[in-house]
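Architecture and fold: a report
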Amino acid sequence: MLPISVCMIAKNEEANVQKCLAPLKKLGFELVIADTGSTDHTRDLILKYTDRLYHFEWINDFSAARNFSIDKASHNWILVIDFDEYLQEANLPALISFTQNHKREIGTITRNNPCSLLSGQSSVMTEQVARLFHRKYSSYRGIIHEQVLPIDGSSPVYRPVALSFYHHGYEEEGCLAAKAGRNLELLLLALKRTPADPYLLFQTGKCYQVLKDYPSACRYFDAGLAFDLDPSLAYVQDMVESYGYCLLESKEYDAALRFVNIYDAFASQANFVFLMGLIYMNNALFDQAVSEFQKAASMKNGKTAGINSYMPNYNIGVIYECTGDKEKAACYYAKCGNYAPAKQRLFLLQH
């Protein structure tokens, strides 16, 4: 058995139990699960994979539930996974090496989330999420959207670990909206206690974004970004990008143009450069839009699949088609490979 305990919380997860637990069990992880009151077959299905199943009386505090499951683990190294996250890849030797050499650091897993951008464009967003840690040095805090933080109050040091998961929960829009509604209640409660917490403001904005209440999302993102935040932090980058998309969804095109004032701080990210292209495009500033899309397409790394390849090329094609240059439009659509919307536009241009 690996010297790592996978600690989870569950409630009515019968649809996810097998796909989530079977790969983890096969690799030799200890599985420790706190059930918070399932009324379906979740508990029976879990017992097929582990006998380390415990009941936790729900008290509207995710960290309390997380830490309860962690207390029940046999190992000091803890890996926290949700039931809607399915293992894709694992490098066990690299994982063991991390546990032997980085006890005070927090490991981040790779999580791949299906997502939709403006106008229904779908893709997959990749993010690093803090999930692996030594319980003598780190623990969970926060009643909602809990964070792993050092127990001694020092600044956390994060390091990627060789684990990747597919976040299935982002595929089910109705389920995602239900979770957002549930989480929103806890976030608003947490904000009453600590109203000047930019991370809570960010997560509240994300909930409103999922619920498609874009004006409310914008208010919370704006409040969160009023703080002096480190642009290199992943959640700050996410907040900026989410704010931009919500402004566009709200048709606040002039307000979105103000992002030019933070361009230098975030333009190292292909996702932000692509967003700036959309902002210029929606303000009918087509030359600037083409320039930003071309820059995005030239960048090496993007958190969202296609953000530095077929997506900017497709939008350049749309701009040229709308402005009457069908030859250039066809050229850029052709650069999009098998991207279905581009293939359709190219077909219509050629027939």
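Attention here is on the structure that accompanies the text. (Residues numbered from 1 in each chain as written. Predicted model: local features only at pLDDT ≥ 70, side-chain atom pairs only at ≥ 80, totals over all residues. Heavy atoms only, no water.)

1. Some points on the overall build of the protein chain
The helix and strand tally for the protein chain stands at 15 helices and ten strands. In terms of C-alpha radius of gyration, the protein chain reaches 22 Å, essentially the compact-globule figure of 20 Å for 351 residues. The dimensions of the protein chain, computed from C-alpha atoms along their principal axes, are 65 × 45 × 40 Å. Taken over 351 residues, the protein chain has a buried fraction of 51%. For the protein chain, the exposed surface amounts to about 16800 Å²; the carbon and sulfur share of it is 50%. One way to put it: in the protein chain the 34 positive side-chain charges average out to a point 4 Å from where the 38 negative ones average out. (Helix = DSSP H or I, 4+ residues; strand = E, 2+ residues; numbered from the N terminus. Rg over C-alpha atoms; globule rule 2.2 N^0.38 Å. Buried < 20%, exposed > 50% of the residue type's maximum accessible area, 1.4 Å probe, protein only. Areas by Shrake-Rupley, 256 points an atom, 1.4 Å probe, with all protein chains shown as cover. Lys, Arg positive; Asp, Glu negative; His and termini not counted. Charge placed at Lys NZ, Arg CZ, Asp CG, Glu CD.)

2. A word on the pattern of salt bridges
This structure, assessed with the given rule, holds eleven salt bridges. Among the ionic pairs, Arg-66 bridges to Asp-82, the shortest N-O distance being 2.7 Å. Here Arg-66, found in helix α3 (residues 62–71), pairs with Asp-82, found in the loop between β4 (77–80) and β5 (85–90); they are 16 residues apart in sequence, far enough to count as distant. As far as burial versus exposure is concerned, Arg-66 and Asp-82 are alike and both buried. Among the salt bridges present, the one from Arg-345 reaches Glu-321, with a minimum N-O distance of 2.4 Å. Note that Arg-345 is positioned in helix α15 (residues 340–350) and Glu-321 in helix α13 (residues 310–322), a separation of 24 residues in sequence. One salt-bridge network, held together by shared partners, links Arg-66, Asp-82, Glu-85, Arg-111, Glu-127 and Arg-131. (Salt bridge = Lys/Arg side-chain N within 4 Å of Asp/Glu carboxyl O.)

3. Quick word on the side chain of Ser-216
Checked against the element boundaries, Ser-216 lands in helix α7 (residues 214–224). A distance of 2.9 Å separates polar atoms of two side chains, one belonging to Ser-216 and the other to Arg-219. (Polar contact = N/O pair within 3.5 Å; in protein donor to acceptor, adjacent residues only side chain to side chain.)

4. A word on unusual backbone geometry
In the Ramachandran plot, Lys-251 falls in the positive-phi region, its phi being about 60 degrees despite a non-glycine side chain. With respect to the helices and strands, the residue Lys-251 is situated in the loop between α8 (234–249) and α9 (253–256). For Ala-284, which is not glycine, the phi torsion reads 60 degrees and is therefore positive. Relative to the assigned elements, Ala-284 resides in the loop between α11 (270–282) and α12 (286–298).

5. Regarding the packing of aromatic side chains
To describe a pair of aromatic rings, you give the distance between the ring centres and the angle between the ring planes. In this structure the tally under the stated criterion is 18 aromatic pairs. Considering the side-chain rings of Trp-58 and Phe-62, the 4.9 Å spacing of their centres and the 75 degrees angle between planes classify their relative orientation as edge-to-face. Residue classification places Trp-58 among the partly exposed residues on the basis of a relative accessible area of 30%. For the ring pair Tyr-208 and Tyr-220, a centre distance of 5.6 Å and an interplane angle of 20 degrees mean the geometry is stacked. Note that Tyr-208 is positioned in helix α6 (residues 198–210) and Tyr-220 in helix α7, a separation of twelve residues in sequence. (Phe/Tyr/Trp six-rings, centres within 6.5 Å; stacked < 30°, edge-to-face > 60°.)

6. Focus: the nonpolar core
Of all hydrophobic cores here, the largest spans 61 residues; its most connected members are Phe-259, Phe-274 and Phe-293. With ten residues, the top contributor of residues to this core is α11. The contacts of Phe-259, once residues within four sequence positions are left out, are Val-240, Tyr-243, Gly-244, Leu-247, Phe-272, Leu-275, Met-276 and Ile-279. (Core = buried A, V, L, I, M, F, W, Y, C linked by side-chain atoms within 4.5 Å. Contact = heavy atoms within 4.5 Å.)

7. Overview of the state of the cysteines
All chains considered together, the criterion is met by zero disulfides. The cysteine Cys-7 is free of any disulfide, with Cys-20 supplying the nearest cysteine sulfur at 13 Å. (Disulfide = S-S within 2.5 Å.)

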